[in-house]
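Analysis of the macromolecular model
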Amino acid sequence: MSKRVSGARVALPMLLSLTLMSAALPWAAAQAAIEASAAWTRATPPGIAVAVGYLTLKNTSKGRRGLLKITSPNAEMISLHQSSVDANGVSHMWPIAKLELEPGEVMKFAPNGRHLMLQGLTSPLRKGMHIAVTFVFEDEDPVTVELEVQPLVDEHAGRDAHAGHDAHADHH
Ligand SMILES: [Cu+2]
């Protein structure tokens, strides 16, 4: 019996030190390894059920992380697009087949670049609303960010591939 007692005395400090060690390991913070910030979208014009979202993603983990899916209670489907303006001022847009974040990578989604396509909106987007969007990356817990709805700005017409949002109804 005396052996067991002395064993218990040793076990408690060991447990404590193990707990402290695991708190310092990278995987202990895995839940917040993907950070989403600066997320916004624009109000939708009448009759348009599609919106474009922008944000910044950061991979704070030690490994490459691939995006599995994006969901929102406010949209039937969310996909990723890339757009750019060519030398003639014409916008081109295409789907991003696979998105991966390298360790430490910061990826910005911005007008005339990468963007989220929110298709099949459940209701029109009005200035000041917040639209929850959840990103599911491999090996990570889902990350939810709120897109703040900015006013619809006409000055982007002709520069932004999404000036005509309804064009998106034709492709995925
Ligand atoms: Cu698009």
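All figures in this text were calculated on a predicted structure; none of them were measured in a lab.

Observations concerning the environment of Val-133
Structurally, Val-133 can be placed in strand β9 (residues 130-137). The spacing of Val-133 and Val-145 is twelve residues in sequence and 5.5 Å in space, taken between C-alpha atoms. In this structure, Val-133 is in contact with Gly-53, Ile-70, Ser-72, Ile-78, Leu-116, Thr-144, Val-145 and Leu-147, ignoring residues within four places of it in sequence.

Re the environment of Lys-62
Tracing the chain through its elements places Lys-62 in the loop between β2 (50-59) and β3 (65-71). Of the residues examined, Lys-62 has 11 C-beta atoms within 10 Å and is grouped as exposed. In sequence terms Lys-62 and Pro-103 are 41 residues apart; their C-alpha atoms lie 5.1 Å from each other.

With respect to the pairing of strand β5 (residues 91-95)
Of all five residues that make up β5, zero are buried, and the element is exposed over most of its length. Pairing of strand β4 (residues 75-85) with β5, which is carried by five bridges, proceeds in the antiparallel orientation. The partner of Gln-82 across the bridge, within β5, is Trp-94.

Describing the environment of Gly-63
Take Gly-63: it is sitting in the loop between β2 and β3. In this structure Gly-63 comes out as partly exposed when scored by C-beta crowding, with 14 C-beta atoms within 10 Å. As a C-alpha pair, Gly-63 and Glu-102 span 39 residues in sequence and 6.7 Å in three-dimensional space.

Describing the nonpolar core
Ranked by size, the top nonpolar core spans 24 residues in total, and within it Ile-78, Leu-116, Met-117, Leu-118 and Val-133 carry the most contacts. A per-element tally of this core places β2 first, with five residues. Not counting residues within four places of it along the chain, the set of residues in contact with Leu-118 comprises Val-50, Ala-51, Gly-53, Ser-72, Ala-75 and Ile-78.

What about unusual backbone geometry?
A positive phi angle is found at Ala-38, which is not glycine, with a value near 50 degrees. One can find Ala-38 in strand β1 (residues 34-42). Notably, Asp-139 is not glycine yet its phi reads approximately 65 degrees, a positive angle. Secondary-structure assignment places Asp-139 in the loop between β9 and β10 (143-150).

Some thoughts on the pairing of β4
Where β4 meets strand β8 (residues 114-121), seven bridges bridge the pair, whose relative direction is antiparallel. Looking at the pairing, Met-77 lines up with Gln-119 of β8. Where β4 folds back onto β5 in an antiparallel hairpin, the turn is made up of five residues, including Gly-89, whose phi is positive at roughly 80 degrees.

Side note on the confidence of the model for the protein
Per-residue confidence for the protein gives a mean pLDDT of 82; residues scoring 70 or more make up 71%. Predicted confidence is poor over residues 155-159, with pLDDT under 50, and the contacts of this stretch with residues over four places away or in other chains come to five contacts. Below a pLDDT of 50 lies the segment residues 163-167, which in the model reaches six contacts outside its immediate sequence neighbourhood of four places, other chains included.

Cut-offs applied
- Residues numbered from 1 in each chain as written.
- Predicted model: local features only at pLDDT ≥ 70, side-chain atom pairs only at ≥ 80, totals over all residues.
- Helix = DSSP H or I, 4+ residues; strand = E, 2+ residues; numbered from the N terminus.
- Contact = placed C-beta atoms within 7 Å.
- Buried ≥ 20, exposed ≤ 12 C-beta atoms within 10 Å, placed from the backbone.
- Pairing = 2+ DSSP bridges.
- Core = buried A, V, L, I, M, F, W, Y, C linked by C-beta atoms within 7 Å.
- pLDDT = per-residue confidence, 0-100.

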